[in-house]
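# Tertiary structure, described
Read off the chains here:
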Amino acid sequence: MYDVILIAVIALVTAVTRFLPFLIFGGKRKTPALILYLGKVLPCAILGMLVIYCLKDISVSSFPFGLPELLGVGAVALLHIWKRNNLISIGGGTVLYMILVQFVF
């Protein structure tokens, strides 16, 4: 019974967090300027924080000196410039990184 209640609470909280913005800002109400600003700057800020978090434990003083990570990040950047597709660029960089870590370094 505990598991059923837990799943129900999780489902309810998920639904509320999905529908609450539409209830608050929906209809003909104008979206506040702060929310519009956050909608513009937060995606880039979160992506930057994610990159920093992923690269924070690289050791440049010992082999392989962060080379797999650097090549993976470079692959993501080049694929994104070339294809302009997030899925291809992130997936391609991840696959390259995993190949480098598993088979090369």
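Here's what I pulled together on the structure shown here. (Residues numbered from 1 in each chain as written. Predicted model: local features only at pLDDT ≥ 70, side-chain atom pairs only at ≥ 80, totals over all residues. Heavy atoms only, no water.)

Our next topic: the overall build of the protein chain. Secondary structure assignment for the protein chain yields 4 helices and 0 strands. A compact globule built from 105 residues would reach a C-alpha radius of gyration of about 13 Å, whereas the protein chain, at 21 Å, exceeds it by more than 25%. Judged by the C-alpha coordinates and their principal axes, the protein chain covers about 55 × 45 × 25 Å. Classification of the 105 residues of the protein chain by burial places 7% in the buried group. Excluding contacts between residues fewer than 6 apart, the proportion of contacts in the protein chain whose partners are at least 24 apart in sequence is 32%. (Helix = DSSP H or I, 4+ residues; strand = E, 2+ residues; numbered from the N terminus. Rg over C-alpha atoms; globule rule 2.2 N^0.38 Å. Buried < 20%, exposed > 50% of the residue type's maximum accessible area, 1.4 Å probe, protein only. Contact = heavy atoms within 4.5 Å.)

Each aromatic ring pair is summarised here by two numbers: the centre-to-centre distance and the angle between the ring planes. With the rule as written, the count across this model stands at 2 aromatic pairs. With centroids separated by 6.2 Å and ring planes inclined at 85°, the aromatic side chains of F63 and F65 adopt a geometry described as edge-to-face. An aromatic cluster of at least three residues, connected via ring pairs, comprises F63, F65 and F105. For K83, the ring lying beneath its charged end belongs to W82, and the centroid distance is 4.4 Å. (Phe/Tyr/Trp six-rings, centres within 6.5 Å; stacked < 30°, edge-to-face > 60°. Lys NZ or Arg CZ within 6 Å of the ring centre and 35° of its normal.)

Running from N to C, helix α3 (residues 67-83) and helix α4 (residues 86-104) point in directions that differ by 155°, and their axes come no closer than 8 Å. Relative to α4, α3 is oriented roughly antiparallel. Seen from above, α3 lies across α4 with right-handed handedness. Side by side, α3 and α4 meet where P68, E69, L71, G72, A75, V76, L79, H80 and K83 of the first sit next to N86, I88, S89, I90, G92, G93, L96, Y97, L100 and V101 of the second. (Axes fitted to C-alpha atoms, helices over the stretch in contact; angles between N-to-C directions. Parallel < 35°, antiparallel > 145°, perpendicular 65-115°, else oblique. Left-handed = near helix turned anticlockwise from the far one by under 90°.)

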